[in-house]
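# Coordinate analysis (summary)
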Amino acid sequence: MRFENKIKELRIQLQMPQRKLAAALDIDTATYCKIEKGERRALREQVAILSQILNIDENSLLTLWLADKVTDMVASEHEVAPSALSIAAETIKKSV
């Protein structure tokens, strides 16, 4: 599931208007709508705020957010993206 789908799903479950989340993020409603549509990326610090308001574990939401960022970066590199992601995953495992 993509980040924007998850925050929209949670917002709807909580019957929360977009304007309330926009206000909590200190952005206008139109900008928040773009985040939910995937037309704009939320900032890292906004993920923490959204996780609190939407009652979801911050790491779960952050994982979706980061996965979307990585996907956006490599999506157009169809031939080499899988190998690059594999190398990145191995590098991260070694550094932990």
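Report follows, based on the coordinates. (Residues numbered from 1 in each chain as written. Predicted model: local features only at pLDDT ≥ 70, side-chain atom pairs only at ≥ 80, totals over all residues. Heavy atoms only, no water.)

## Quick look at unusual backbone geometry
One non-glycine residue, Gln-15, lies in the positive phi region at around 55°. By the secondary structure assignment, Gln-15 is in the loop between helix H1 (3–13) and helix H2 (18–25). (Helix = DSSP H or I, 4+ residues; strand = E, 2+ residues; numbered from the N terminus.)

## Let's talk about the side chain of Glu-4
Mapped onto the elements, Glu-4 comes out in helix H1. There is a polar contact of 2.9 Å between the side chain of Glu-4 and the side chain of Arg-2. (Polar contact = N/O pair within 3.5 Å; in protein donor to acceptor, adjacent residues only side chain to side chain.)

## Comments concerning the environment of Ala-84
Here Ala-84 is to be found in helix H6 (residues 81–95). Through-space distance from the C-alpha of Ala-84 to that of Ile-56 is 30 Å; in sequence the pair is 28 residues apart.

## Topic: a positive patch on the surface
Taken together, Lys-8, Lys-34, Lys-37 and Arg-40 make up a surface patch of like positive charges. Mapped onto the elements of the fold, Arg-40 is located in the loop between helix H3 (29–37) and helix H4 (44–53). Assessed through its relative accessible area of 44%, Arg-40 is described here as partly exposed. (Patch = residues over 30% accessible without salt bridge, like charges linked within 9 Å, V, L, I, M, F, W, Y side chains within 5 Å. Areas by Shrake-Rupley, 256 points an atom, 1.4 Å probe, with all protein chains shown as cover. Salt bridge = Lys/Arg side-chain N within 4 Å of Asp/Glu carboxyl O. Lys, Arg positive; Asp, Glu negative; His and termini not counted. Charge placed at Lys NZ, Arg CZ, Asp CG, Glu CD. Buried < 20%, exposed > 50% of the residue type's maximum accessible area, 1.4 Å probe, protein only.)

## Remarks on the pattern of salt bridges
For the structure shown, the criterion picks out nine salt bridges. Between Arg-2 and Glu-4 there is a salt bridge; the shortest N-O distance is 2.9 Å. A salt bridge links Glu-36 to Arg-11, with the shortest nitrogen-to-oxygen separation between them at 2.5 Å. Of this pair, Glu-36 sits in helix H3 while Arg-11 sits in helix H1, and the two are 25 residues apart along the sequence. The pair formed by Glu-36 and Arg-11 is uniform in burial state, with each residue classed as buried. Among the charged side chains, a salt-bridge network with shared partners connects Arg-2, Glu-4, Arg-41, Asp-68 and Asp-72.

## Brief notes about the nonpolar core
By size, the foremost hydrophobic cluster in this structure holds 18 residues, and its most contacted members are Phe-3, Ile-7, Tyr-32, Leu-50, Leu-54 and Leu-61. Going through the elements one at a time, H1, H2, H3, H4 and helix H5 (58–74) are the ones with two or more residues in this core. (Core = buried A, V, L, I, M, F, W, Y, C linked by side-chain atoms within 4.5 Å.)

## What about the environment of Ile-49?
For Ile-49, the location among the structural elements is in helix H4. In sequence terms Ile-49 and Ala-24 are 25 residues apart; their C-alpha atoms lie 7.5 Å from each other.

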